[in-house]
Amino acid sequence: MIDHGFLRELRAVTKERNIALIFDEIQCGLGRTGTLFAYEQVGVEPDMITLAKPLAGGLPMGAVLMTEPIAAAMQYGDHGTTFGGGPFVASVALHVLDRLSDPALLEHVRATGTWLGHELNEIAHRTSRIRQVRGTGFIWGIDVMGTAAHVVSEAMAHGLLVLTAGEYTVRILPPLVATKEELARGLHILEEVL
Ligand SMILES: *Cc1c(COP(=O)(O)O)cnc(C)c1O
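Parameters and conventions
Residues numbered from 1 in each chain as written. Predicted model: local features only at pLDDT ≥ 70, side-chain atom pairs only at ≥ 80, totals over all residues. Heavy atoms only, no water. Salt bridge = Lys/Arg side-chain N within 4 Å of Asp/Glu carboxyl O. Helix = DSSP H or I, 4+ residues; strand = E, 2+ residues; numbered from the N terminus. Pairing = 2+ DSSP bridges. Axes fitted to C-alpha atoms, helices over the stretch in contact; angles between N-to-C directions. Near = heavy atom within 4 Å. Polar contact = N/O pair within 3.5 Å; in protein donor to acceptor, adjacent residues only side chain to side chain. Areas by Shrake-Rupley, 256 points an atom, 1.4 Å probe, with all protein chains shown as cover. Nonpolar A, V, L, I, M, F, W, Y, C, P; charged D, E, K, R; others polar. Domains from an automatic or database assignment. Contact = heavy atoms within 4.5 Å. Buried area = accessible area lost by both parts, 1.4 Å probe. Phe/Tyr/Trp six-rings, centres within 6.5 Å; stacked < 30°, edge-to-face > 60°.

Novice: What is the right way to look at the pattern of salt bridges in this model?
Specialist: It is possible for side chains of opposite charge to pair when their charged atoms get near one another. Evaluated as defined, the whole model comprises 4 salt bridges. One salt bridge in this structure joins R11 and D47, with 3.0 Å as the shortest N-O distance. Highlighted residues: R11 in helix α1 (residues 4–16) and D47 in the loop between β1 (22–24) and β2 (48–51), separated in sequence by 36 residues. Among the ionic pairs, R126 bridges to E191, the shortest N-O distance being 2.8 Å. Here R126, found in helix α4 (residues 103–127), pairs with E191, found in helix α6 (residues 180–193); they are 65 residues apart in sequence, far enough to count as distant.

Novice: Looking at this structure, how should I read the sheet that holds β2?
Specialist: The strands that make up a sheet pair up through hydrogen bonds in the backbone, lying either parallel or antiparallel. The mixed open sheet is built from 3 strands, whose spatial order is β1-β2-β3. Either end of the sheet is taken by a strand with one partner, and the two such strands are β1 and β3 (63–66). Across the sheet, the axes of successive neighbouring strands diverge by a mean angle of 20 degrees, strand direction being ignored.

Novice: What should I look at first to understand the site of the ligand in this one?
Specialist: Every residue lining the ligand is accounted for by D24, I26, Q27, A52 and K53. Here an oxygen atom of the ligand sits 2.5 Å away from a polar atom, N or O, in the side chain of K53. Starting from 380 Å² of accessible surface for the ligand in isolation, the protein chains cover 45%. Per-class residue counts for the shell around the ligand are 2 nonpolar, 1 polar and 2 charged.

Novice: Help me out: how do you make sense of the domain arrangement of the protein in this one?
Specialist: For interface size, the figure often reported is the accessible area lost on association. In terms of domains, the protein is made up of domain 1 (4–100) and domain 2 (103–193). Placing the centre of domain 1 and that of domain 2 at their C-alpha centroids yields a distance of 26 Å. In this assembly, 11 residues from domain 1 lie in contact with 12 residues from domain 2. The junction of domain 1 with domain 2 conceals about 930 Å² of combined surface from both sides, 57% of it contributed by carbon and sulfur atoms. At the junction of domain 1 with domain 2, the criterion picks out 0 salt bridges. Of the residues assigned to the side of domain 1 that touches domain 2, the class counts are 3 nonpolar, 6 polar and 2 charged.

Novice: Looking at this structure, how should I read the packing of aromatic side chains?
Specialist: Here the distance between the centres and the angle between the planes together describe a pair of aromatic rings. Counted by the stated rule, this structure contains 1 aromatic pair. On the numbers, 5.8 Å between centres and 20 degrees between planes, the contact of F37 with Y39 is stacked.

Novice: I keep staring at the pairing of strand β7 (residues 169–172) and nothing clicks. Help me out?
Specialist: On any regular strand, side chains alternate: one points to one face of the sheet, the next to the other face. With 4 bridges connecting them, strand β5 (residues 139–144) and β7 associate as antiparallel partners. Within β7, the position partnered with W140 by the bridge is I172. As defined by bridge partners, strand β6 (residues 163–164) adjoins β7 across 2 bridges and the pair is classed as antiparallel. Residue pairing in the sheet places L163 in a bridge with R171 of β7.

Right, dumping it as structure tokens:
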């Protein structure tokens, strides 16, 4: 997880030199960390934010959010996109945003995510097959002994879908609606595989 002090320093330096600070929240935004945007937990405000994948619930859509001063510098036609904002996907995205802004859902991700991190650390202690556990909310990476691809394929064979993030990191991104009971089943499979 990126160091918060580093981000604060980056904001100070970019402000001082009049440089735009852009946060890519395509994976960590939209509720994934337990707040609508991940930056809210750092106390550092960017000038621009990129959003995509979950924005329209899987339909193709991306978006760029920006402050007024940045927007004022953009001219019509400066920023084009093929699948940016058709009326159908835009209406789906509005619904998704509405659902993801629900304080109860975000609280679920924060509370259950804290529990998930605790459980992952417990597995790390029990199996000694994990070098490091890092993450927050419903976005976690575990550095494993051996290759992550091997763990991912074994997990899939046992009914659990996880991803790699680089050669040695297994990436865990559960659906935001996943319950503790469902996550516990996944954790059990993960521990067996490890
Ligand atoms: C997928 C992804 C992108 C690219 O998004 P596009 O909508 O395909 O341009 C950029 N950043 C991150 C973190 C991503 O996961």
